[in-house]
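Reading the structure
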Amino acid sequence: MGIWRPEGHGRFGNKRFRLLPSERPLSWLSHSMRLWSRYFIPTLKESPSDAEIASHRLLIRSGLVRKLAGGLYTYLPLGLRVMQKISRICREEMERSGAIELSMPHIHPAEFWAEGPRWGPVREIMFRADSAGEGRRGPREPEFVLGPTHEEVITPLVKAEITSYRDLPKTFFQIGTKFRNEIRPRFGLMRAREFSMMDAYSFDADDGGATRSYLAMKAAYEAFFRRVGAQAIAVEADTGVMGGSFSHEFMVPAEVGDNDLLYNEESGYAANREKARSALVPEGLADAAPEGPPEEFPTPGAVTIAALEAAPYGVPADRQFKTLLYVGDGKPFAVVLRGSDELEEAKLGSLGFALLRPATPQEIEPIMGAKPGSLGTVRGTIRNLPALSGIYADHAIRLVGNGTTGANRDGFHLRNVNVARDLELTRFGDFRRVREGEPDPVAGRPLRLRRGIEVGHIFKLGTKYSERIDAGYTDDKKERHLFIMGCYGIGISRTLQAVIEQSHDADGIIWPWAIAPFQVLVCLLDPQAADAAEIAGRLAAAAERAGADVLLDDRNERPGVKFKDADLLGIPLRITVGGRGIKEGVVEMRWRGAAETLKIPLDESEARVEAAVRERA
RNA sequence: CGGGGUGUAGCUUAGCCUGGUAGAGCGCCUGGUUUGGGACCAGGAGGUCGCAGGUUCGAAUCCUGUCGCCCCGACCA
């Protein structure tokens, strides 16, 4: 026959029939090249109603994933290809940094966690991995859990296997599936219950080494995100339940992110909002001189900052003191802020409490002498001062100088309250939430606030885990020391979606070259025409020779359908071969996201395609 | 965990308020006409209306419970 009919139609006498794939004559088709008609790319015109954000919709519409249940997704062939590419780049950068790959079990004996330092908080998000039967095999308590991360597994391993300073430092990593029973899975792969993660763990002999390991990871992360085409910002972050001494989060700026980051590009300062500082309060700001003695005045019914701002009181919020009561490890304490500021609860972590919660009105009244809304910390007004374990003031109240605060008597406030003279304070600290536009703490430039998706996180852990199970080594003086650890994670599947969120338009995804499921799409508009098919096949082969992953759209669809699908999939380079172009003696080349279509003379086409690919790869 | 919403064909959905044999578009199958930005005509398959109970002569529709899914919130006085 000699005529390739890509969609696989043949004719027998007067009757059309469909050829089986194996019967199609495709001598030029290489093993790795994909024909759309034989592959599996279930695209959708409409998106399922449960997809809310752009990246989630595109993930489904372009046939990358399908949902099994809330937070659980199947990677379809195209999605898997992207995952594999991201994973490979991640692996390359980790290995380049000196980290060593291994693979730990996903199922962990529960006692490894029960003995660890964070069984309490982490337990709630862990899946148990019991037998699904009637419990005939053992006790009700979980014997096994599905691993949400691996600190608790690797630390005992390293404790057993590494005993000498000669074997340090070491950084291990793995890329695999993690299981977390999220309170609220959402946005597709963004917060899933089963997801792919690269996790790494460093073990060092001393603090300086641990910092070097940390910085090596930071560099590897930066290289990784650059290579996959994600614009990620490293921000100073809170260490949260992980514990440890310092940490950076890698954030992809996006409106749908669930973190806030404050940064200034010129000064280079960037921090998670929980951690962000600003230079709003000048260093060494002198306390304001008193303006007069404190004076009580009636404020019936005024129990909010806003109510005191309004007539008849007219006290601006930034001239008020706001007093909040919390309970830390069972003991109440107070925090004093400017009326115009918000408490950043995470910053209370610096006070060192393990458990922290706002005090209830029932707890507050007996201590302060008034209900919330009339509280203050002016000396002599607190009914039961010894009940407070401390009174912590945000630096910014110094800007108030002389202000108004609650009198600890319902319906009354005090004015002319001077910070230094009148307030009962244990110490100052940074407790307020930083706002956009405030000067950054490095160069005093205005901070910009953006939402961000957390795609990576690095922690310098210190000895939190090694101490717990006494994991350490012997140095050259025969003395034993604990490992100084670090731990590091990259959300592989989350990065995939973050890239889509960052790189799409109204028509579909715009993949970065490095992680595109295919890099070149040869769009054959007239698959029945032997000459067009021949040309398409040659161009596909040329692109593949140049190093691209090639998908050939040989479907017997109308051109409109093919173009719409091409835009939706977002394959970077599209080469269109159609009867109209062939009559003119050209094929068309178009970069996804670019406005113009390049017409290429047929006789140059193979060379031009090869050159375009080589230039990008 | 609290609040709100929602569940009807593979996907998007109408019908529900005001009970009376379940409708459309996309997709799919067959035939034909088409063929450069999601074609057209004709024919066809596909739904125990999430599940369970109740009210009723009669329930997708009303009531109760339950499950799934989606969204918001998780204490800032």
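Above this text is the structure in question.
Throughout what follows, the structure given in this document is the object of discussion. The numbers attached to residues start from 1 for each chain and follow its sequence in the written order. For this description, chains carry letters from A and ligands carry numbers from 1, given in the order in which they are written. Selection of residues for local features in this predicted model requires a pLDDT of at least 70, selection of side-chain atom pairs for listing and counting requires 80 or more, and totals for whole chains, interfaces and linings are taken over all residues. Note that water and hydrogens are dropped before the side-chain values are worked out from all heavy atoms of the structure.

With that out of the way, let us pick up the pattern of salt bridges. Salt bridges are identified by distance alone: a Lys or Arg side-chain nitrogen within 4 Å of an Asp or Glu carboxyl oxygen. Overall, the coordinates contain 44 salt bridges when judged by the stated rule. Arg81 is the salt-bridge partner of Asp549, the closest N and O atoms lying 3.8 Å from each other. In this pair, Asp549 is assigned in the loop between α13 (530–545) and β31 (550–553) and Arg81 in helix α2 (residues 77–96), connecting sequence segments 468 residues apart. Note on classification: 1.4 Å probe, protein chains only; a residue is buried when its accessible area is under 20% of the maximum for its type, exposed when over 50%, partly exposed between these limits. Relative accessible area serves as the criterion here: at 18%, Arg81 is assigned to the buried category. The secondary structure listing takes helices from DSSP runs of H or I that are at least 4 residues long and strands from runs of E that are at least 2 residues long, numbered from the N terminus.

Lining the immediate environment of RNA strand B, one finds 42 residues, of which Ser49, Val303, Lys322, Asp567 and Glu588 sit closest. Here a residue counts as near a molecule or strand whenever at least one of its heavy atoms sits within 4 Å of it. Backbone atoms, meaning sugar and phosphate, make up 46% of the atoms of RNA strand B lying within 4 Å of the protein. Ser49 places a polar main-chain atom, nitrogen or oxygen, 2.5 Å from a phosphate oxygen of RNA strand B. At 2.5 Å from a sugar or linking oxygen of RNA strand B is found a side-chain nitrogen or oxygen belonging to Arg580. Looking at the surface near RNA strand B, the elements that each hand over two or more residues are β17 (321–328), α14 (559–569), α15 (579–584) and β33 (586–591). Identification of polar contacts relies on pairs of N or O atoms within 3.5 Å, with a donor-acceptor requirement for protein atoms, meaning one able to donate a hydrogen and the other able to accept it, and with residues adjacent in sequence counted only if both atoms are side-chain atoms.

On to the environment of Ala234, then. Considering the arrangement of structural elements, one finds Ala234 in strand β12 (residues 233–236). Here the alpha-carbon distance between Ala234 and Ser247, two residues 13 residues apart in the chain, equals 9.7 Å. Discounting chain neighbours no more than four positions away, the residues touching Ala234 are Lys218, Glu222, His248, Glu249, Phe250 and Ala270. By definition, residues are in contact when any of their heavy atoms lie within 4.5 Å.

On to the pairing of strand β32 (residues 573–577). Counting buried residues along β32, 5 of its 5 residues qualify, which places the element largely inside the surrounding structure. Covered by surrounding structure in β32 are Leu573, Ile575 and Val577 together with Arg574 and Thr576, the residues of both alternating faces. When DSSP finds two or more bridges between two strands, those strands count as paired. Judged from the 5 bridges that link them, strand β30 (residues 520–524) and β32 form a sheet pairing that is parallel. Among the inter-strand pairings, Val522 is bridged to a residue of β32, identified as Ile575. Inspection of the sheet shows β32 paired to β33 by 4 bridges, in the antiparallel sense. Its bridge partner being in β33, Thr576 is matched across the sheet by Glu588.

This paragraph deals with the environment of Glu345. Here Glu345 lies in the loop between β18 (331–338) and β19 (356–358). Glu345 sits in the partly exposed class, given a relative accessible area of 41%. The spatial distance from the C-alpha of Glu345 to the C-alpha of Phe431 is 7.4 Å, given a sequence separation of 86 residues. Those residues in contact with Glu345 that sit more than four places away from it in its chain are Tyr326, Leu356 and Pro358. Of note is the side chain of Glu345, whose polar atom sits 2.6 Å from the side chain of Tyr326.

A cis geometry characterises the amide bond from Leu168 onward to Pro169, with omega recorded as -5°. Tracing the backbone shows Pro169 in the loop between α5 (151–161) and β10 (170–179). Of note in this structure, Asn416 is not a glycine but carries a positive phi near 60°. The residue Asn416 is located in strand β22 (residues 412–418) in this model. Judged by relative accessible area, Asn416 falls into the partly exposed class, the value being 22%. With phi around 65°, Lys478 is a residue other than glycine that occupies positive phi space. In this structure, Lys478 sits in the loop between β25 (472–474) and β26 (480–482). For Lys478, a relative accessible area of 75% puts it in the exposed group.

Before going further, it helps to spend a moment on the sheet that holds strand β9 (residues 144–146). Sheet strands associate in pairs through backbone hydrogen bonding, adopting either a parallel or an antiparallel arrangement. Reading across the sheet, the 3 strands line up as β7-β9-β8 and stay open at both edges, with antiparallel pairing between neighbours. Across the chains shown, the open sheet's two edge strands, defined by having one partner strand only, are β7 (107–109) and β8 (127–128). Here 2 bridges tie β8 to β9, and the two strands are oriented antiparallel to one another. Each residue of the ladder has a partner; that of Phe127, found in β9, is Leu146.

What follows deals with the side chain of Thr576. Following the sequence through the fold, Thr576 ends up in strand β32. For Thr576, the contacting residues outside a window of four places in its chain are Cys523, Leu525, Phe563, Val587 and Glu588.

Before going further, it helps to examine the environment of Gly376. Within the secondary structure, Gly376 is located in the loop between α8 (361–368) and β20 (391–394). Sequence spacing of Gly376 and Leu423 is 47 residues, and the spatial spacing of their C-alpha atoms is 8.4 Å. For Gly376, the contacting residues outside a window of four places in its chain are Thr323, Met368, Thr381, Ile382, Thr405, Gly406 and Asn408.

Attention now goes to the packing of helix α1 (residues 54–61) against helix α12 (residues 492–502). Axis lines are fitted through C-alpha atoms, for helices just across the contact stretch, and the angle between N-to-C directions can take any value from 0 to 180 degrees. Across the interface, α1 lies against α12 with an axial gap of 8 Å and an inter-helix angle of 110°. Between α1 and α12, the crossing angle belongs to the class labelled roughly perpendicular. Across the interface between the two elements, Ala54, Ser55, His56, Leu58 and Leu59 from α1 touch Leu496, Gln497, Ile500 and Glu501 from α12. For this classification, the nonpolar set comprises Ala, Val, Leu, Ile, Met, Phe, Trp, Tyr, Cys and Pro, the charged set comprises Asp, Glu, Lys and Arg, and every other residue, Gly included, is treated as polar. Per-class residue counts for the contact of α1 with α12 are 5 nonpolar, 3 polar and 1 charged. Should an angle fall under 35 degrees it is taken as roughly parallel, and over 145 as roughly antiparallel, whereas 65 to 115 is taken as roughly perpendicular and any remaining angle as oblique.

So far we have only geometry, and geometry alone does not tell us how the molecule works.
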